[in-house]
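What follows is the residue order along each chain.
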Amino acid sequence: MSKGIVTVDGLQMQYGEVQVLHEVSFEARAGEVLTLLGPNGAGKSTTIEILEGFRLRSAGRVEVLGTDPAEADESWRARVGIVLQSWRDHGNWRVGELLQHLGSYYTPYATAGVVRPWPTGELLAAVGLAESADHKIRTLSGGQRRRLDVAIGIVGRPELLFLDEPTTGFDPEARREFHELVGRLATEYGTTILLTTHDLDEASRLADRIMILTSGRIVAVGTPSELTTAIAGEDEVRWSVGGQGFRKRTADSTEFVRGLFAQYGEELRELEVRRASLEDTYLALVRGQEVAA
Amino acid sequence: MTPRSAAIRAGWRRGLIELRQSFMNGPELVSHFLWPALTLAALFFLRHRDFGSSGLLLGALALPSILGMNAAMGMVAMSQQLTGDREDGTLLRAKATPHGMLGYLIGKVVSVAGSLLVDLLIVLIPGLIIVGGLAVDAAGWFTLIWVLLLGLIATLPIGAVLGSVFTTARAQGLIQLPMLGFIAISGIFYPLTALPTWLEWIGQLTPIYWMGLGMRSALLPDEAVVVEVTQSWRHLETAGVLGLWAVAGLLLAPIVLRRMARRESGSAVADRRERALRSAVR
């Protein structure tokens, strides 16, 4: 299970004079949900497009499912699912019809163990579009449309699924349903998922591991809780003495509070300690990077 | 079943589905039937008018020419659909599917060619009834079929090339202008011999002229040949020129299409969408 599904080593990307990715290296392991988190313009989409085989890199080594995506053939294509945010295609087609059609390209890739393509009815039910099977695609709402895109992305039962900013423009309910769907894909079907997002909440909800990318560099990698503790996010301590309120940011809040008691004893009131959140960590990282750059 | 043959079958079905769709939605139905209806109405009123002193009827002369022109316009349809499909992500979807581009192209050829054939019948069948002066025998039908097939092989790949080179819907609009120019000088509405010699030459470079000529030779009585250049149906030349266009198109199209497909990515689609939205707002 420890076999690398995606291996990226020293990946660089340059558009003219502009260096978009600097020596990016990471690995995705089988069955995990790996999130590429970062602000807009950090290089997330460029990275994922290189892995999808849609863009040629400037330098570095990239392997996806054991193959360099720049030289991958159609049978590699059959093992990878892709969901983009800007698809508006096939508006005149009916939902079930398109799924059936696109699925038929995967028929020859069926194996004894894996049925390919995913039967249309079953798949529509899995993404919650069973009632929309006969609807024209242009009549779908934004959330339904995206769930159809996911259905198309997984119709060939890919080993690896790319999701690029999957919930942009979703209302909270659609977003929640979508998160549940992604979670099911990973746990029930063992699909390895690589997704990009600029939404921290989404990343921490979905990801087994998060990679934070800013200005073309990976600045942190870890599980959501690892990230929070490993990086010196500062806790916030509030208290009051003699009716006057104070506030202090500190990396070691326990030690600081011990000092407060020693100093003020009984006079110390309204003590409050807020642990660094993942959001603070993320913002600290992104800001630090911007200053450094 | 190999992946390739699965894609070929999927492409064929894709073409039929798109063809059915184009006859099942309002705007496209209008374009399938409105233009033929207007064309037939015009021909109906022209049916008794003579062309010069030749004794030929203008309506009879124009009908086959128009059929030839419509078939040649498959080039424009192909080009526009390719551009549209690139803008909305259809092409990228094909690229993300194993052998999807193969299926896509087969589907496109089937749907564009199929739609042209149906349109042709929509004009031809009533045209044969209401416009007098046409004469079709077995040899005529044979000519009609080979000119049409060769003409499609000559024009559709060129259309695909145009669609790959001109990337936006607006640029596609610009293609229409020279296309109208070529139609004007291609002997569709008036025999080429009525034009100045240099225009006559330019007109004869286009596949539109030769498809029109081929249709006239198939559908008109033999006497009508007198208004043509060199007073001959020039079947050999028709096959030659259309064949040259076909070879050029078939050589060029895969190269240009592959180049275009290689450049497709999610951000390319998103960029175009953004540009389109911006210019729509302005």
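All of these numbers come straight from a predicted model, not from anything done at the bench. (Residues numbered from 1 in each chain as written. Chains lettered and ligands numbered in written order. Predicted model: local features only at pLDDT ≥ 70, side-chain atom pairs only at ≥ 80, totals over all residues. Heavy atoms only, no water.)

Enquirer: When you look at the overall build of chain A in this model, what are you seeing that I'm missing?
Expert: Secondary structure assignment for chain A yields 10 helices and 12 strands. On the principal axes, the C-alpha backbone points of chain A span a range of 75 × 45 × 35 Å. Taking all 293 residues of chain A together, 49% fall into the buried category. Side-chain charges in chain A split into 32 positive and 43 negative, and the spacing between the mean points of these groups amounts to 2 Å. (Helix = DSSP H or I, 4+ residues; strand = E, 2+ residues; numbered from the N terminus. Buried < 20%, exposed > 50% of the residue type's maximum accessible area, 1.4 Å probe, protein only. Lys, Arg positive; Asp, Glu negative; His and termini not counted. Charge placed at Lys NZ, Arg CZ, Asp CG, Glu CD.)

Enquirer: What is the right way to read the pairing of strand E11 (residues 244-250) of chain A from this model?
Expert: Moving residue by residue along a regular strand, the side chains alternate between the two faces of the sheet. All names here are of chain A. Bridge analysis of strand E10 (residues 235-241) against E11 gives 7 bridges, and the strand direction is antiparallel. Among the inter-strand pairings, Asp235 is bridged to a residue of E11, identified as Thr250. In this antiparallel pair of consecutive strands, E10 and E11, the connection spans 2 residues, and Gly242 shows a positive phi of 60 degrees. (Pairing = 2+ DSSP bridges.)

Enquirer: Looking at this structure, how should I read the nonpolar core?
Expert: Judged by nonpolar contacts, the single largest core of 47 residues is most densely connected at Leu67, Leu219 and Leu220 of chain B. Listed by contribution, the elements that provide at least two residues to this core are helix H2 (26-46), helix H3 (58-72), helix H4 (74-88), helix H6 (100-130), helix H7 (138-165), helix H8 (169-184), helix H10 (207-219) and helix H11 (235-263) of chain B. Excluding residues within four positions of it along the chain, Leu219 of chain B makes contact with Pro64, Leu67, Leu124, Leu134, Ala135, Val136 and Leu144 of chain B. One finds Val33, Leu123, Val155 and Phe170 of chain A within the second-largest nonpolar core, a separate group that totals 40 residues. (Core = buried A, V, L, I, M, F, W, Y, C linked by side-chain atoms within 4.5 Å. Contact = heavy atoms within 4.5 Å.)

Enquirer: Would you explain the UniProt feature "domain: ABC-2 type transporter transmembrane" (unreviewed entry) in chain B in this entry?
Expert: Per the UniProt record, "domain: ABC-2 type transporter transmembrane" (unreviewed entry) is found at residues 64-253 of chain B. With 76% helix and 0% strand, the stretch residues 64-253 of chain B has end C-alpha atoms that lie 29 Å from each other. (UniProt positions renumbered as here; feature names shortened; annotations may be inferred.)

Enquirer: Just checking my understanding: could you explain the confidence of the model for chain B for this structure?
Expert: Interpreting fine coordinate detail is not advised for predicted regions of low pLDDT. Here chain B averages 87 in pLDDT, and 97% of its residues register 70 or above. Strand E1 (residues 50-51) of chain B is the least confidently modelled element of chain B, averaging 72 in pLDDT, while helix H1 (residues 3-22) of chain B averages 95, the highest of any element. (pLDDT = per-residue confidence, 0-100.)

Enquirer: How do you make sense of the confidence of the model for chain A when you look at a structure like this?
Expert: Across chain A, the average pLDDT comes to 89, with 96% of residues at or above 70. For chain A, the element scoring lowest by mean pLDDT is helix H10 (residues 278-292) of chain A, at 72; helix H3 (residues 95-104) of chain A scores highest, at 97.

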